[in-house]
Amino acid sequence: FPSHDRKGFAHTRHSIISRFPSPFRIERLRVQFFVDNIILIAAAFISGALLMWPLVAKGTSARAINTLGATQLLNSQDALLIDLRETKELAKGSPPQALHIPLSNLPAQIDDIKKRADKGKAQAPVILMCQSGWRGAKAGRLLRKAGIEAVFNLEGGFDAWQQAGLPVTKRS
């Protein structure tokens, strides 16, 4: 049997193996490398996951749309605009053509939304609007799961609608 020195190398007179470290030494080096570089390995894994996330989540949520794109869809494709804000938030006003369904009531209204979107030959696009755009992403996932294909989330929500100077009506 070959003897091993302090560095883990096998020593025999006539063996070619004598120039290579033992398998136990290699395994110990692998573990040591992992322990020494755990923070770098974790950072590489997390950054890779963050880069892949948009590709994974792309088909499950609403696509972002700006106010110009939203008005084009409303005028050319008879899109359905849904205002997801709560009733107390409507004091600031609402787009005249918007259907008010608070996010808290949305799951119960999905069948009604599907009927309204399926009126024509093709399914009408659905544009979701909340105060600033965050609740629309959650609602978009719900509608996509329900089978509505063309779901858009208004970037900036009602705040962007007002800043663009688009029509707003006060509801009493």
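Preceding this paragraph is the structure being described.
Thresholds applied
- Residues numbered from 1 in each chain as written.
- Predicted model: local features only at pLDDT ≥ 70, side-chain atom pairs only at ≥ 80, totals over all residues.
- Heavy atoms only, no water.
- Helix = DSSP H or I, 4+ residues; strand = E, 2+ residues; numbered from the N terminus.
- Buried < 20%, exposed > 50% of the residue type's maximum accessible area, 1.4 Å probe, protein only.
- Areas by Shrake-Rupley, 256 points an atom, 1.4 Å probe, with all protein chains shown as cover.
- Salt bridge = Lys/Arg side-chain N within 4 Å of Asp/Glu carboxyl O.
- Phe/Tyr/Trp six-rings, centres within 6.5 Å; stacked < 30°, edge-to-face > 60°.
- Lys NZ or Arg CZ within 6 Å of the ring centre and 35° of its normal.
- Contact = heavy atoms within 4.5 Å.
- Pairing = 2+ DSSP bridges.
- Axes fitted to C-alpha atoms, helices over the stretch in contact; angles between N-to-C directions.

1. Regarding the overall build of the protein
Each helix and strand counted, the protein has six helices and seven strands in total. For the protein, the α and β elements follow one another from N to C terminus as β-β-α-α-β-α-β-β-α-β-α-β-α. Burial status across the protein gives 34% buried among its 172 residues. Summed over its atoms, the accessible surface of the protein is roughly 11,700 Å², and 60% of this surface lies on carbon and sulfur atoms.

2. Notes on the pattern of salt bridges
Applying the stated criterion to the full structure yields four salt bridges. The partner of Glu-27 in a salt bridge is Arg-30, and the shortest N-O contact between them spans 3.7 Å. One end of the pair is Glu-27 and the other is Arg-30, both in helix H1 (residues 23–36) and three residues apart, which spans about a single turn. Taking relative accessible area as the criterion, Glu-27 reaches 42% and is therefore assigned partly exposed. Between Asp-112 and Arg-116 there is a salt bridge, with its nearest N and O atoms 3.2 Å apart.

3. Observations regarding the packing of aromatic side chains
Following the criterion strictly, the structure yields zero aromatic pairs and no others. When the ring centre of Phe-158 is taken as origin, the NZ or CZ atom of Arg-85, which lies over that ring, is 4.0 Å away.

4. Concerning the side chain of Asp-83
Along the chain, Asp-83 falls in strand E4 (residues 80–83). Those residues in contact with Asp-83 that sit more than four places away from it in its chain are Leu-90, Ser-94, Pro-95, Ala-98, Leu-99, His-100, Ile-101, Pro-102 and Met-129.

5. Examining the sheet that holds strand E7 (residues 151–154)
The sheet built from five strands is open, its strands ordered E3-E7-E6-E4-E5 with parallel pairing. Pairing within the sheet leaves two strands with one partner each, and these edge strands are strand E3 (63–65) and strand E5 (99–100). Contacting E3, E4, strand E6 (126–129) and E7, helix H3 (residues 67–76) runs over the sheet at an angle of about 95° to E3. Lying over the sheet, helix H4 (residues 106–117) contacts E4, E5 and E6, oriented at roughly 155° with respect to E4.

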